[in-house]
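Given next are the chains, with one letter for each unit.
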Amino acid sequence: MSKATGSLLEIRSLCIEFPSRHGVATAVSNVSFSVEKGEIVGLVGESGAGKSTIGNAVIDLLSPPGRVASGDVLLEGENIANLHGEAIRRIRGRRIGFIFQDPMTSLNPLLTIETQLVETILATLGGTREEALNKSLELMKSVGIPEPELRLKQYPHQFSGGMRQRVVIAIALAGDPELIIADEPTTALDVSIQDQILELIRTLCRERQVGCILVTHDMGVIANVTDRVAVMYKGNLVEMGSTQQILERPQHEYTRSLISAVPRTDVKLKRFPRVEYIEQVQSRSIDVKNHWLGQQDESFAAEHKAENGILLKVDDVNLRFQTQSAFLEKNRRYVKASDHVSFEVREGETFGLVGESGSGKSTIARIIAGLYQPDSGSINYAGTDLTRLSDKQRIPFRRQIQMVFQNPYSSLNPRMSVHDIIAEPIRFHSLARPGRETDGIVADLLDHVGLGAASGVKFPHEFSGGQRQRISIARALATRPRFLICDEPTSALDVSVQAQILNLLKDLQDELGLTMMFISHDLPVIRQMCDRVGVMRYGKLVEVNETETLYASPQHEYTRELLSLMPHLDNLSREGLETEPEREVALA
Amino acid sequence: MNEAVVPARPETRWQRIRQSNIYYYFLRDKVAMVSAVILLLMVAGALLAPVLAPQNPYDMAQLDIMNSELPPAWSEEGDSQFLLGTDDQGRDLLSTILYGTRISLTIGLFAVILQAFLGIVVGLTAGYFGGRIDGFLMRLADIQLSFSTMMVAIIVLAVFQAAFGMELYSRMAMLMLILVIGIAEWPQYARTIRASVLAEKQKEYVEATRVMGFGPGRIMFRHILPNCLSPILVISTVQIANAIISEAALSFLGLGMPPSQPSLGALISSGFEYIFSGTWWITVIPGIVLVVLVLVMNLLGDWLRDVMNPKLYKG
């Protein structure tokens, strides 16, 4: 092995291609960068940018038919770009360790942690079982697992998500590698655990002088741990520099756009600036005031007016789900998804609900939308208790309350054309004459959400996640609702697409005077979108307040804890930001 | 990642088919292609039997008992007039096989349509409403499945024959076979549909329709059912093959089609008495036709199942 002086890993003009029946798709073109010992290099970009592909290509884990078309990958001067089979197997684990995204599936559920660790150590380092056992104990200690002797004998299901990721890291370190590739190591974890895992990776890299490529889409992760950052855009490396420089003084147009799209924690913006770089959006052209969309059903609106400016009142709502069924009542177990929840939503405002997974925020949304019937309590919409209505009586109210769902990939019927998806509610509620009038309205709606009227003939699978979410919004608007529930509408999307969708929602709210309920686990997003916020935990609403007051001086202990875990990106470039000056309050 | 080449939007229906994944995989699978060609030939032969067959085996006037049990044309005693020889009543075996395939395919197809109709309604209802309705309908399906198809069919057909006599039975045979096979096998469909309805029901597009206020009928048939069609298509090919086999088995036992209108199974059965006297062709040739027919259907079904598996596209 010729040891050239220089970097631990050097990637030189790497090109990766995916040949398919429609021609050759280039996933990565002409990417060069290097990683030094003990350094963490962040590889950031949005889905489809090719960042994971680079990580996989280094250790020949490209899923077929992908192949390295040209370029070199030098590991301490030795070219490993075109090694396959046995040759690359000697490098995997021994010299390059890999940390996968989802700790729930990357461990074998049928083997104990000890078996998995010892097997890895024997395969990479050799030696006796005794040595391997000692080594695995030591590894478990170094990744911060308490009581390692006991934990070694356990199976993966006995570990929490964060603990499993620690085990995955221990396995990655088992062969004493010189380089670690971590592919979105914290994406599947809760915020609080995310922080600890990143800290662990950082310390281990420093102590052991191991280089690390950290693949991620999350600017918060980048800001926290990396030394240098490479920004990928559509298979190209557009910018590389020290983390501080990239975050504070981005040079490339795309990087600037990406950073401006990150929901900020320090100021509330009116709109996200300059996000048009990412996905082409058709211009929106209809005049809503004089359009079908802007007109309400007068008689219904007159009958059901908001009382004292309060459109929706949730009063002492309880709902429990059975977790263990049994014949006798005393043996049944329940989980309280909604525990004495009460709040009000004022007409025209955006009310936010925030909480971690399982806190019951989606349950409340589904109760309001009429998907679940609460065990007790009432939902008052403009003075009418919805929970007491029969299915038939409720239909006109269902039109008033619509919902945008979380997952853009499952919320649209894959067998229906986009036109039919949007026309379906109009037809059902007979809101317009069938034929030309309905067709015109659907075309205008598509135009208005930025997709262009021509996309009606296509099917959902022909669109990207962000575009699908636009279709979903158009469908929700097709009944001309006054109240729109958004259940994590952007959590499956990239940041820049998220910014576009949030802009669209803000615009629609202004134009149509919608009242919105916005549900998210993402505090910065909530801050950007909502006028008032409720914090939920274990089915209980622990605190409700004006957004700015809540962020400035949280009252409840849990709110304080949540806020402290929020990634702080205070030094982000502020170029081109449009703030809401009268509301700008510094974060405590 | 794969932005490189996006094909232009197909214009006509034919172009759309040519660009579809199924067509693409079809061209790359020799087994599927050969199976499809054989199946098409057999179906065409059955459909065009009145045109293709040298003789109408149902017309007694065309038969001559002197021609009975002639071996195929290629053997020494064969008659060039009868390519595959004749059966015990002097019918041209080729003609009889063409007409018999027609009967077998008709019974298979209609029995499966009946199965599918019952199964889809039951499975959709059970899966969508869940709870007690689901429990009741699925236990019903379990009970139905615990009787073997053949047992039910034999009892029903035997009772019918005994009660109404052979003459009425001969006239009603085809209808009876379709009903018996159709009713005996619906749980297969019900189970498959129910499983996919349970998966689809979880998806947010179904919740969206409920938020809109749509009724259960509209949600079930207009929104959920179209998304459950691929498994139906896959089991249908296998079920047609199964129904044809069931029919053949029943006919072989003398409970199927009458000798005057033989299906493939009845033909095999009628030749079986003579097999030890050297007249093998009456049994063996229809037997080969039956095996090939069922085999190509199963092969196509297997292939369809692989292609319809969405995991295949992700690679």
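Residues numbered from 1 in each chain as written. Chains lettered and ligands numbered in written order. Predicted model: local features only at pLDDT ≥ 70, side-chain atom pairs only at ≥ 80, totals over all residues. Heavy atoms only, no water.

1. Thoughts on the overall build of chain B
Each helix and strand in chain B was counted, giving 14 helices and zero strands. Ordered by position from N to C terminus, the α and β elements of chain B give α-α-α-α-α-α-α-α-α-α-α-α-α-α. When the backbone C-alpha atoms are referred to their principal axes, chain B occupies close to 75 × 55 × 30 Å. Surface summary for chain B: the accessible area is close to 16,100 Å², and the carbon and sulfur share equals 66%. Averaging the locations of the 21 positively and 23 negatively charged side chains of chain B gives two centres separated by 20 Å. (Helix = DSSP H or I, 4+ residues; strand = E, 2+ residues; numbered from the N terminus. Areas by Shrake-Rupley, 256 points an atom, 1.4 Å probe, with all protein chains shown as cover. Lys, Arg positive; Asp, Glu negative; His and termini not counted. Charge placed at Lys NZ, Arg CZ, Asp CG, Glu CD.)

2. Focus on the sheet that holds strand S4 (residues 67-75) of chain A
All names here are of chain A. As summarised here, the arrangement of the four strands in space is S2-S1-S4-S5, forming an open sheet in which the pairing is antiparallel. The sheet terminates laterally at strand S2 (23-35) and strand S5 (78-79), the two strands that pair on one side only. The sheet contact formed by strand S1 (residues 9-20) and S4 spans seven bridges and is antiparallel. When the bridges of S4 are listed, Glu17 appears paired with Arg67. Packed on one face of the sheet, helix H1 (residues 51-58) meets S1, S2 and S4 and runs near 105° to S1. (Pairing = 2+ DSSP bridges. Contact = heavy atoms within 4.5 Å. Axes fitted to C-alpha atoms, helices over the stretch in contact; angles between N-to-C directions.)

3. Focus: the interface of chain A and chain B
With 39 residues of chain A in contact, the opposing surface of chain B contributes 28 residues. Counting each side, the surface lost to burial between chain A and chain B is near 2,900 Å², with a carbon and sulfur contribution of 54%. Connecting chain A to chain B are three salt bridges. Residue A:Glu424 pairs with B:Arg222 through a salt bridge whose shortest N-O separation is 2.7 Å. Breaking the side of chain A that touches chain B down by element, the ones donating at least two residues are S2, helix H12 (361-369), helix H13 (391-400), strand S17 (401-404) and helix H14 (418-428) of chain A. In terms of residue count, S2(A) provides more of the side of chain A that touches chain B than any other element does, five residues in total. Partitioned by chemical class, the residues of the side of chain A that touches chain B number 17 nonpolar, 13 polar and nine charged. (Buried area = accessible area lost by both parts, 1.4 Å probe. Salt bridge = Lys/Arg side-chain N within 4 Å of Asp/Glu carboxyl O. Nonpolar A, V, L, I, M, F, W, Y, C, P; charged D, E, K, R; others polar.)

4. Structural notes on the pairing of S4(A)
As judged from the two bridges shared by S4(A) and S5(A), these two strands associate in the antiparallel manner. Across the sheet, A:Leu75 pairs through a bridge with A:Glu78, a residue of S5(A).

5. Topic: the side chain of A:Lys361
All names here are of chain A. Relative to the elements of secondary structure, Lys361 occurs in helix H12. Side-chain polar atoms of Lys361 contact the backbone oxygen of Gly355, separated by 3.2 Å. Ignoring anything within four residues of it in the chain, the contact list for Lys361 reads Leu353, Val354, Gly355, Glu356, Glu488, Ile519, Ser520, His521 and Met536. (Polar contact = N/O pair within 3.5 Å; in protein donor to acceptor, adjacent residues only side chain to side chain.)

6. Considerations on unusual backbone geometry
All names here are of chain A. If you check the backbone angles, Asp60 has positive phi at about 55° while not being a glycine. Position of Asp60 among the secondary structure elements: in the loop between H1 and S4. On the basis of relative accessibility, which here comes to 25%, the residue Asp60 falls in the partly exposed class. (Buried < 20%, exposed > 50% of the residue type's maximum accessible area, 1.4 Å probe, protein only.)

7. As for the sheet that holds strand S21 (residues 540-546) of chain A
All names here are of chain A. The six strands lie next to each other as S17-S18-S19-S14-S20-S21, forming an open sheet whose pairing is mixed. Across the chains shown, the open sheet's two edge strands, defined by having one partner strand only, are S17 and S21. The mean angle between the axes of side-by-side strands here comes to 20°, regardless of whether they run parallel or antiparallel. Two elements, S17 and strand S18 (residues 483-487), share four bridges in a ladder whose sense is parallel. Residue Ile401 lies in a different strand from S18, and its bridge partner there is Phe483. Contacts between helix H16 (residues 465-477) and the sheet are confined to S17 and S18, with S17 contributing the most and set at about 175° to the helix. Across the sheet, helix H20 (residues 557-565) is in contact with strand S20 (532-537) and S21; its angle to S20 comes to roughly 100°.

8. So, the domain arrangement of chain A
Partitioning chain A into domains gives domain 1 (9-271) and domain 2 (288-583). The straight-line distance from the C-alpha centre of domain 1 of chain A to that of domain 2 of chain A is 36 Å. (Domains from an automatic or database assignment.)

9. Overview of the packing of helix H5 (residues 93-129) of chain B against helix H13 (residues 281-308) of chain B
All names here are of chain B. Contact geometry of H5 with H13 gives a least axis separation of 11 Å together with a crossing angle of 40°. Handedness of the crossing formed by H5 with H13: right-handed. On H13, the residues touching Leu93, Ile97, Thr101 and Leu105 of H5 are Trp281, Ile282, Ile285, Pro286, Val289, Leu293 and Met297. (Left-handed = near helix turned anticlockwise from the far one by under 90°.)

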